[in-house]
Amino acid sequence: VTIAVGATALTDTLTLLTLAIIVAVADGNITGWFGVLLVLKTALVFALIIFFFPRMARKFFKHYENQVIQFIFVLSMMFLGALMMEVVHLEGLLGAFLTGLVLNRYIPRVSRLMYNLEFVGNAIFIPYFLIGVGMLVDVRTLLGGWTTLKVAGIMIIVALLSKWIASLMTQKIFRLKVLEREMIFGLSNAQAGATLAAVLVGYNLIMPNGERLFNNDVLNGTIILILVTCIYSSVTTERAAKKMVLRRRDTLPEKTVTDDEQILIPMNYPEIADNLMSMGIM
């Protein structure tokens, strides 16, 4: 899982850097120092997020225990990271993704803050993203011919095949098991935010002849690609995870002690009940 997450961060970064270069070429903004300046600005933003955001988070969480203020702080840091990426002409989702990676260790998984963040993400951000993706599809183009479906089919085949080859190479290099290769393949297979961002940039880019760099067929094919790969990735990851759990359970020694520890928590005092419940769960 760590390999897949790290690889995703690297590939998204390289993809968006390549995209920034393509946009600069199309706009005629390429100069002798363009590549050097782009790398330096990107490295500076990465350094700020990786080294300064965790220090800010530690100090903030140490001095402010109000969960509402903590929630607003995390969202503000996410928006700040996205804005910093936008300033250097990269997609904001890369900054938000990187911010989530560096702040993740400072938010306990079993906490009210994590629950609130997951709730807002699942109830607002993900549905908003899906609604926005759905509104980009031109249904008339899908029903008007086979061009969009042909483009989508080629994109799906290339995406699945390239991810499988990458997973196979990773397995050989790190000497992983076949089941671990299947897990990496499932985790890395889904195409979503970065893919859509790259295609939208190409779709909005007008060439000198007045045509878009990517036409409606490519945009609609990308939407179909996102739908298919996300479903396939979810099924593959869930199947690999279940196999891992079953194999791990079969290899564990049988327990000789059956009396599990039980914790009794007094709930009579509301002002300390939440803290006691959190401690009991941990």
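Note that the structure is predicted; figures quoted are calculated from it, not measured.

A.B. asks: Before we move on, could you go through the overall build of the protein chain and cite the residues and values that matter?
C.D. replies: Along the backbone of the protein chain there are eleven helices and zero strands. If you list the helices and strands of the protein chain from N to C, you get α-α-α-α-α-α-α-α-α-α-α. By residue count, 31% of the 282 residues in the protein chain fall in the buried class. Residue pairs at least 24 apart in sequence account for 67% of intrachain contacts in the protein chain once pairs closer than 6 positions are excluded. In the form shown here, the protein chain has an accessible surface area of approximately 19100 Å², with 66% of it arising from carbon and sulfur atoms. When the 23 basic and 19 acidic side-chain charges of the protein chain are each reduced to a single mean position, those positions are 7 Å apart.

A.B. asks: Give me the lowdown on the pattern of salt bridges, citing residues and values where you can.
C.D. replies: Throughout the structure, instances matching the rule amount to four salt bridges. For the salt bridge of Arg-112 with Asp-274, the shortest nitrogen-to-oxygen distance reads 3.7 Å. One end of the pair, Arg-112, is in helix H5 (residues 112-136); the other, Asp-274, is in helix H11 (residues 270-281), and 162 residues separate them in sequence. According to the relative accessible area criterion, Arg-112 is partly exposed, its value standing at 40%. Assessed through its relative accessible area of 48%, Asp-274 is described here as partly exposed. Measuring nitrogen to oxygen at the nearest pair gives 3.1 Å for the salt bridge that ties Glu-182 to Arg-239. Pair noted here: Glu-182 is in helix H8 (residues 178-189) and Arg-239 is in helix H10 (residues 216-251), with a separation of 57 residues, a long-range link. Given the relative accessible area of 17%, Glu-182 is considered buried. Classification of Arg-239 as partly exposed rests on a relative accessible area of 37%. Salt bridges sharing partners connect three or more residues here, namely Glu-182, Arg-239 and Lys-243.

A.B. asks: Let's hear about the layout of surface pockets: which residues, and what values?
C.D. replies: Of the volumes computed, that of the second largest pocket is approximately 590 Å³. As for the second largest pocket, its lining consists of 16 residues, of which Gln-67, Val-110, Ser-111, Arg-112 and Ser-278 are closest to the centre. Elements with a minimum of two residues in the lining of the second largest pocket: helix H3 (67-87), H5 and H11. Per-element accounting of the lining of the second largest pocket gives the leading share, five residues, to H11.

A.B. asks: Hey, could you go over the environment of Ile-165 for me, with residue numbers and the actual values?
C.D. replies: Among the secondary structure elements, Ile-165 is positioned in helix H7 (residues 147-174). In this structure, the C-alpha to C-alpha distance between Ile-165 and Phe-185, residues 20 residues apart in sequence, is 9.0 Å.

Rules behind the numbers
Residues numbered from 1 in each chain as written. Predicted model: local features only at pLDDT ≥ 70, side-chain atom pairs only at ≥ 80, totals over all residues. Heavy atoms only, no water. Helix = DSSP H or I, 4+ residues; strand = E, 2+ residues; numbered from the N terminus. Buried < 20%, exposed > 50% of the residue type's maximum accessible area, 1.4 Å probe, protein only. Contact = heavy atoms within 4.5 Å. Areas by Shrake-Rupley, 256 points an atom, 1.4 Å probe, with all protein chains shown as cover. Lys, Arg positive; Asp, Glu negative; His and termini not counted. Charge placed at Lys NZ, Arg CZ, Asp CG, Glu CD. Salt bridge = Lys/Arg side-chain N within 4 Å of Asp/Glu carboxyl O. 1 Å grid on protein atoms, 1.4 Å probe; cavity = no way out; pocket = protein on both sides within 12 Å on 5 of 7 lines; lining within 4 Å. Points joined across faces, edges and corners; volume = space filled by probe spheres on them.

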